[in-house]
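Close look at the chain arrangement
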Amino acid sequence: MSKIKFFLLLPLMLLLLLPSSIFAATPGSELASVLEVQQYNRAIHIMAMLLIGFGFLMVFVKKYGRSALTATFLLVSVSLPLYFFIHSLEIFNEAKGEIELLILAEFAAASLLIAAGAVLGRLKMFQYIILGLLFIPFYMLNEWVIVENGLDLLKGAVADTGGSIVIHAYGALFGLAVAMSMTKRKDLEKPIEADATSDRYSLLGSMVLWVFWPSFCAALVPVEAIPHTVVNVFLALSGSTLITYISSISLRGKINAADIANAALAGGVAIGSTCDHASHSGAMLIGVIAGAVSTFGFARIQSKQQRAFRAVDTCGVTNLHGIPGIIGGLAAIVVVEGLNVSSQISAIFITIVSALIFGFLSGKIISIFGHRNEAYEDAEEFEDAEE
Amino acid sequence: MSKIKFFLLLPLMLLLLLPSSIFAATPGSELASVLEVQQYNRAIHIMAMLLIGFGFLMVFVKKYGRSALTATFLLVSVSLPLYFFIHSLEIFNEAKGEIELLILAEFAAASLLIAAGAVLGRLKMFQYIILGLLFIPFYMLNEWVIVENGLDLLKGAVADTGGSIVIHAYGALFGLAVAMSMTKRKDLEKPIEADATSDRYSLLGSMVLWVFWPSFCAALVPVEAIPHTVVNVFLALSGSTLITYISSISLRGKINAADIANAALAGGVAIGSTCDHASHSGAMLIGVIAGAVSTFGFARIQSKQQRAFRAVDTCGVTNLHGIPGIIGGLAAIVVVEGLNVSSQISAIFITIVSALIFGFLSGKIISIFGHRNEAYEDAEEFEDAEE
Amino acid sequence: MSKIKFFLLLPLMLLLLLPSSIFAATPGSELASVLEVQQYNRAIHIMAMLLIGFGFLMVFVKKYGRSALTATFLLVSVSLPLYFFIHSLEIFNEAKGEIELLILAEFAAASLLIAAGAVLGRLKMFQYIILGLLFIPFYMLNEWVIVENGLDLLKGAVADTGGSIVIHAYGALFGLAVAMSMTKRKDLEKPIEADATSDRYSLLGSMVLWVFWPSFCAALVPVEAIPHTVVNVFLALSGSTLITYISSISLRGKINAADIANAALAGGVAIGSTCDHASHSGAMLIGVIAGAVSTFGFARIQSKQQRAFRAVDTCGVTNLHGIPGIIGGLAAIVVVEGLNVSSQISAIFITIVSALIFGFLSGKIISIFGHRNEAYEDAEEFEDAEE
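Along each chain, numbering runs from 1 in the same order as the chain's sequence is written. Here chains are named by letter from A upward and ligands by number from 1 upward, in the order in which they appear as written. Note on the predicted model: pLDDT of at least 70 is required for a residue's local features to be given, and 80 or more for side-chain atom pairs to be given and counted; whole-chain, interface and lining totals, by contrast, use all residues.

1. Quick word on the overall build of chain A
- The numbering of helices and of strands both runs from the N terminus, where a helix is a DSSP run of H or I of at least 4 residues and a strand a run of E of at least 2. Each helix and strand counted, chain A has 14 helices and 0 strands in total.
- Ordered by position in the sequence, the α and β elements of chain A form the string α-α-α-α-α-α-α-α-α-α-α-α-α-α.
- With C-alpha atoms as the basis for the radius of gyration, the globule rule is written as 2.2 Å multiplied by the number of residues raised to the power 0.38. On C-alpha atoms alone, chain A measures out to a radius of gyration of 20 Å, which is about the 21 Å that the 2.2 N^0.38 rule sets for 387 residues.
- Seen through its principal axes, chain A has C-alpha atoms that stretch 55 × 55 × 35 Å.
- Here chain A, with 387 residues, has 67% of them falling under the buried criterion. Whether a residue is buried, exposed or partly exposed is read from the other C-beta atoms within 10 Å of its own C-beta, which are placed from the backbone; 20 or more gives buried, 12 or fewer gives exposed, and intermediate counts give partly exposed.

2. Comments concerning the interface of chain C and chain B
- Residue pairs are scored as contacts if the distance between their C-beta atoms, which are placed from the backbone, is within 7 Å. Taken together, the contact between chain C and chain B spans 46 residues of the former and 48 residues of the latter.
- Only α1 (2-16), α2 (30-57), α3 (65-88), α4 (98-119) and α8 (196-217) of chain C provide two or more residues apiece to the side of chain C that touches chain B.
- Ranked by residue count, the leading element in the side of chain C that touches chain B is α2(C), at 13 residues.
- Among the residues forming the side of chain C that touches chain B, the class breakdown is 28 nonpolar, 10 polar and 8 charged. Any residue outside Ala, Val, Leu, Ile, Met, Phe, Trp, Tyr, Cys, Pro, Asp, Glu, Lys and Arg is labelled polar, Gly included; the first ten of those are nonpolar and the last four are charged.

3. Details of the packing of helix α5 (residues 125-146) of chain A against helix α6 (residues 164-182) of chain A
All names here are of chain A.
- For helices, the fitted axis covers only the stretch in contact; all axes are lines through C-alpha atoms, and the angles between them, taken along N-to-C directions, range from 0 to 180 degrees. The geometry of α5 relative to α6 is characterised by a closest axis approach of 11 Å and an angle of 140 degrees between their N-to-C directions. Here α5 lies oblique to α6, going by the angle between them. Read as a crossing pair, α5 and α6 show a hand that is right-handed. For the pair α5 and α6, contact is made by Phe135, Tyr139, Asn142, Glu143 and Ile146 and by Ile165, Val166, Tyr170 and Phe174, respectively.
- Counted by class, the contact of α5 with α6 contains 7 nonpolar, 1 polar and 1 charged residues. An angle below 35 degrees is read as roughly parallel, one above 145 as roughly antiparallel, one from 65 to 115 as roughly perpendicular, and any other as oblique. Should the near helix be turned counterclockwise from the far one by less than a right angle, the crossing is left-handed, whereas a clockwise turn marks it as right-handed.

4. As for the relation of the copies chain B and chain A
- For the match of chain B to chain A, the screw axis carries a shift of 0.0 Å, the RMSD comes to 0.0 Å, and the turn is 120 degrees. The transformation just described matches what one would write down for a three-fold rotation axis.
- Take the interface residues of chain B: only 7% of them recur as interface residues in chain A, which is what a contact between different surfaces looks like. Here the copies are superposed with least squares, the fitted atoms being C-alpha atoms of residues at a pLDDT of at least 70 in both.

5. Quick look at the interface of chain B and chain A
- The interface of chain B with chain A comprises 46 residues on the first partner and 49 residues on the second.
- For the side of chain B that touches chain A, the elements supplying multiple residues, two or more each, are α1 (2-16), α2 (30-57), α3 (65-88), α4 (98-119) and α8 (196-217) of chain B.
- Ranked by residues supplied to the side of chain B that touches chain A, first place goes to α2(B) with 13 residues.
- Taken together, the residues of the side of chain B that touches chain A break down into 28 nonpolar, 10 polar and 8 charged.

6. Remarks on the nonpolar core
- By convention in this section, buried Ala, Val, Leu, Ile, Met, Phe, Trp, Tyr and Cys residues joined through C-beta atoms within 7 Å make up a nonpolar core. Counting 482 residues, the largest nonpolar core has A:Val208, B:Val208 and C:Val208 as the members making the most contacts within it.
- When sequence neighbours within four positions are dropped, the list of residues in contact with B:Val208 reads B:Ala48, B:Met49, B:Ile52, B:Gly53, B:Phe56 and C:Ile52.

7. Thoughts on the relation of the copies chain C and chain B
- With an RMSD of 0.0 Å, the operation that places chain C on chain B is a rotation of 120 degrees combined with a shift of 0.0 Å along the axis.
- With a heterologous cut-off of 20% or less, the 7% of interface residues of chain C that recur at the interface of chain B puts this contact in the heterologous class.

8. So, the confidence of the model for chain A
- Summary statistics for chain A give a mean pLDDT of 92 and a share of 93% for residues scoring 70 or more.
- As scored by the predictor, the complex reaches a pTM of 0.97 and an ipTM of 0.96. Think of pLDDT as the predictor's per-residue confidence, scored from 0 to 100.

9. Let's talk about the environment of A:Gly239
- Among the secondary structure elements, A:Gly239 is positioned in helix α9 (residues 226-252).
- Here the alpha-carbon distance between A:Gly239 and A:Ala385, two residues 146 residues apart in the chain, equals 40 Å.

10. Considerations on α2(B)
- Under the 1.5 Å per step criterion, the end-to-end length of α2(B) is 39 Å for 28 residues, consistent within 8% with the ideal 40 Å.
- Burial analysis of α2(B) places 25 of its 28 residues in the buried class, the great majority of the element. By this rule, a helix spans an expected 1.5 Å times one less than how many residues it contains.

11. Digging into the environment of A:Ala261
Residue and element names in this part refer to chain A.
- Turning to its location among the elements, alanine 261 is positioned in helix α10 (residues 257-263).
- Under the C-beta neighbour-count criterion, alanine 261 is labelled buried, with 31 such atoms within 10 Å.
- Spatially, the C-alpha atom of alanine 261 lies 14 Å from that of isoleucine 246, the residues being 15 residues apart in sequence.
- Among residues more than four places away in sequence, those in contact with alanine 261 are Leu57, Phe60, Ser202, Leu203 and Ser206.

12. Regarding the packing of helix α9 (residues 226-252) of chain B against α3(C)
- Their axes nearest at 9 Å, the elements α9(B) and α3(C) cross at an angle of 130 degrees. On the basis of the axis angle, α9(B) is oblique to α3(C). Between α9(B) and α3(C) lies a crossing whose hand is left-handed. Residues B:Phe234, B:Leu235, B:Ser238, B:Thr241, B:Leu242 and B:Tyr245 of α9(B) form the contact with α3(C), whose own contacting residues are C:Phe73, C:Leu74, C:Ser77, C:Val78, C:Leu80 and C:Pro81.

13. Here's the deal with the environment of B:Phe54
Residue and element names in this part refer to chain B.
- Its location among the elements puts phenylalanine 54 in helix α2.
- Take phenylalanine 54: there are 25 C-beta atoms within 10 Å of it, and that puts it in the buried class.
- Taking the C-alpha atoms as reference points, phenylalanine 54 and leucine 204, 150 residues apart in sequence, are found 9.8 Å from one another.
- Not counting residues up to four positions away in its chain, the partners in contact with phenylalanine 54 are Met49, Thr72, Leu113 and Gly205.

14. What to know about helix α14 (residues 341-367) of chain B
- Given a rise of 1.5 Å per residue, 27 residues ought to cover 39 Å, and the 39 Å separating the end C-alpha atoms of α14(B) matches this to within 8%.
- Buried residues belonging to α14(B) abut α5 (125-147), α6 (164-182) and α13 (317-335) of chain B.

15. Overview of unusual backbone geometry
Residues and elements named next belong to chain B.
- Within the chain, arginine 310 stands out as a residue other than glycine whose phi angle is a positive 50 degrees.
- Despite not being glycine, tyrosine 376 has its phi angle at roughly 60 degrees, a positive value.
- Relative to the assigned elements, tyrosine 376 resides in the segment after α14.
- Using a count of 21 C-beta atoms within 10 Å as the deciding quantity, one classes tyrosine 376 as buried.

Here is the structure:
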């Protein structure tokens with residue numbers, strides 16, 4: 001217990017040192033304030049995606065719902081202050097507006113929740129917090145290298161407005177690497193079970209993500225480009241949703257509820273890099289491709305991948321965020337005019353490699369703090385959760 | 001299966017032909033952009049109503065939750081691109097801003113979801129898609145005739161800002177006609193069962209609809225009229241909610257959860273036509289009347305209607321959207337100053353007739369693709385859905 | 001029944017007398033309209049908190065979910081028109097913009113829902129409406145005395161932007177007093193039971209509250225202060241969420257799902273009074289303190305409090321809204337520069353006393369209309385709710 005408390009109180013303590021001057025002054029004109037309030041509105045939508053969206057999407061594990069939701073609460077609550085704190089050290093970034101910084105912190109939290117999805121049900125509750133404490137600095141390092149070209153590795157700007165690469169692919173591969181470094185034989189054998197109620201909760205999470213996804217992609221887009229971006233995201237999601245149904249029934253004979261809840265979102269993942277550049281038909285096509293590949297992944301690759309990597313990816317984040325994220329990053333090469341192709345490919349490559357390395361390392365560190373007795377069971381850590 | 005794929009791939013293929021020039025250029029000034037972003041915000045609220053609201057409202061059928069939610073996903077995903085595609089043909093409408101067009105497409109999707117509610121549980125999954133492919137063009141035809149006076153049948157503008165007539169009544173009567181054309185004897189006998197969990201999901205959907213309804217009605221209202229409209233919608237909903245409780249307990253002796261989840265929304269349906277014109281007390285009165293009539297419909301008419309029309313209206317859309325929609329359209333005659341009464345009545349009449357004719361026709365076409373073995377059961381089409 | 005109808009129809013009838021001139025004219029400039037539409041947007045977020053947030057938070061009582069949600073619907077539907085009606089009498093307040101008035105009415109509804117949480121499951125459905133009819137005028141009296149200094153009792157402005165005192169503490173203590181005046185011995189013995197599904201619903205409500213809380217606190221804040229306020233609220237919530245987990249496991253040995261769903265929100269309650277004044281680290285610290293105290297309340301005081309006051313506080317509103325609300329009000333003394341300390345303390349004192357007196361009185365009045373046979377059971381009032 002004392003060990004737990006130490007790791008939990010640490011971020012709280014750090015925060016109390018949070019200087020109040022980390023944020024750039026709010027812009028002077030009233031119209032500028034109006035624009036920032038519109039941004040805050042998108043920040044609220046993203047928060048709905050983080051807690052209700054990702055949270056309930058993970059409730060498909062039928063006996064682990066309270067834990068999945070509590071873990072979501074904790075992961076978000078660690079991410080926001082920690083991101084602010086590290087930002088305030090001015091190692092990586094310059095001062096930004098408060099809402100812009102909030103949105104960047106939410107992006108980090110989204111990526112962390114994706115990573116956590118890979119090991120969902122196999123960490124003790126306080127280990128999720130340790131995961132968050134490790135993930136956020138590593139994420140910020142990659143964000144700095146790719147988005148701000150902090151190490152001067154890239155020759156041109158990377159197209160990744162909605163984070164296909166730095167948010168989705170990074171989080172998924174980080175999570176996969178954590179899973180690879182700590183999956184036990186026992187975990188490979190234990191089935192992950194859903195039921196009617198957990199499936200309906202999961203579809204709720206999926207719908208919340210679908211609905212607010214345009215605000216995620218358009219969060220930091222200039223005001224005049226928002227309408228086109230928003231329509232693109234909805235078209236990409238429509239494309240992936242339709243193809244997911246077709247693919248699910250074609251590949252399995254029957255519809256699989258988890259395919260629908262997950263792969264339907266692949267269009268949102270993949271349109272991230274090009275949401276403000278693609279034409280509407282291009283956006284829909286990207287959604288269709290991502291949805292098809294993602295469903296194929298869930299239906300045909302998931303179980304093989306498990307054996308090949310000796311890693312259980314509980315929520316299938318590799319197939320929802322990993323592959324579609326990379327597809328999205330590559331799509332920019334075709335879609336975005338004047339893009340520096342080598343920069344884009346380098347960005348994808350750096351993201352994959354750093355996610356795998358730091359993820360594996362993080363998994364080893366987390367393993368030091370032990371393993372659960374029973375995976376996927378609320379009862380191990382929650383009161384009155386036997387039924 | 002090949003038949004299914006054809007019908008599903010069709011809309012996807014069409015979309016890839018979507019020209020990128022269908023939208024009017026975004027307005028130049030920054031303030032104009034700010035207004036369009038405020039509109040997009042309402043578009044997100046409407047999307048929450050479509051997926052989470054309508055979706056979960058339909059989860060009251062206890063063994064059909066996964067199907068209801070998947071159908072909702074598919075119906076929305078067909079509607080948006082198909083609406084955009086047909087609009088791009090420039091048969092019906094002129095170019096509009098991207099967000100305005102998105103909102104019009106969402107209105108169409110709302111009407112389609114209402115129609116689908118009438119036959120919920122008795123279509124195979126791919127038949128919902130066929131329903132969508134048939135419904136959207138018919139809906140756009142009626143929208144063009146009523147809202148744009150496309151055939152020059154009306155002598156004056158119709159009052160229907162929030163779509164009591166063209167969205168709610170049209171969708172409900174279309175759905176009723178589909179049900180009439182394809183209800184089997186077996187369907188008339190099979191009970192539609194709810195339980196505590198499905199009722200709570202249904203109330204969740206109802207609440208999501210209630211909360212965001214003002215954004216639906218005010219979606220395309222000029223900025224200065226939005227506050228009055230928003231308050232009107234909440235007062236109409238408050239009125240229908242209170243009277244629904246009184247009516248439910250008066251008519252049945254006990255409260256009926258489905259009455260609350262459904263008839264509480266009748267005020268939102270009925271205030272649609274006059275949301276920007278009614279006084280606050282007028283709005284509340286319209287809500288009270290609509291709620292009372294709707295609850296009476298659920299408690300006393302629903303079962304008789306079933307026998308009379310030989311049609312099972314699964315979600316009771318006739319009583320929630322049909323009758324209250326017509327009440328709302330008629331209320332405009334009293335409320336809206338300077339309204340051309342004959343136009344308003346003609347609009348209602350045209351909507352009813354075209355909904356019934358095209359709905360019946362659509363039902364016959366859908367029937368060609370067969371019937372479910374077991375109504376209202378996920379297990380027929382979903383993996384691992386036996387329990 | 002006739003008695004019920006009288007009490008229910010009364011507010012409806014009053015409303016029909018609602019003059020249309022109660023609202024101040026909408027401001028003339030387009031930018032002013034844009035600001036009011038941004039306010040309406042926050043009003044929608046608050047409505048999501050009222051219905052979905054508070055509603056589902058109360059669904060943790062496993063056999064009383066339909067009732068909790070129906071009661072939420074009714075309490076909101078009584079509050080809005082009644083607040084508008086009393087406002088229109090011009091006893092307490094001057095004319096305000098429509099959306100500002102809507103937000104104030106929503107604040108009143110929030111306070112009422114908190115009060116109702118204390119007696120949840122022990123009122124008949126129509127008694128919730130009577131509770132609403134009594135609560136709203138008493139609440140408005142306190143609001144007038146504290147916020148508008150209506151009786152000229154205070155020497156300076158009170159810091160309570162987000163309502164720690166007038167909304168949260170008032171509602172909680174009013175509810176506690178209602179409970180004290182009408183709790184039966186039988187109620188003290190009957191356990192309040194949750195299960196996996198009701199816990200997950202409750203966490204859904206909690207998350208909806210968490211996500212939209214910044215819009216609650218920033219609802220009436222000037223546009224340029226919104227970003228700082230929003231970040232403060234999220235930091236306070238992050239602080240209370242982290243400390244709730246630590247405290248829950250420290251005090252109980254295992255995690256308690258109700259602690260997470262409730263005490264995680266204590267930061268939002270406590271930051272209310274100082275949300276626009278606190279530094280970010282100050283906001284987080286307030287959240288940590290409130291979360292720790294709240295969890296301690298749930299884990300250690302709740303059951304003793306029950307015996308001491310002979311009152312069952314079903315949802316633990318004393319520990320979620322009462323104590324943290326008072327902590328928040330007191331925090332302003334440290335945080336807000338130039339605050340008139342005696343005014344702030346008087347405001348807290350007046351709020352506590354008037355809530356207790358009027359709450360006790362209201363409980364006595366409500367008791368006249370009888371008692372439920374079985375607490376916490378849908379089946380007593382709902383059709384088909386036996387299972």
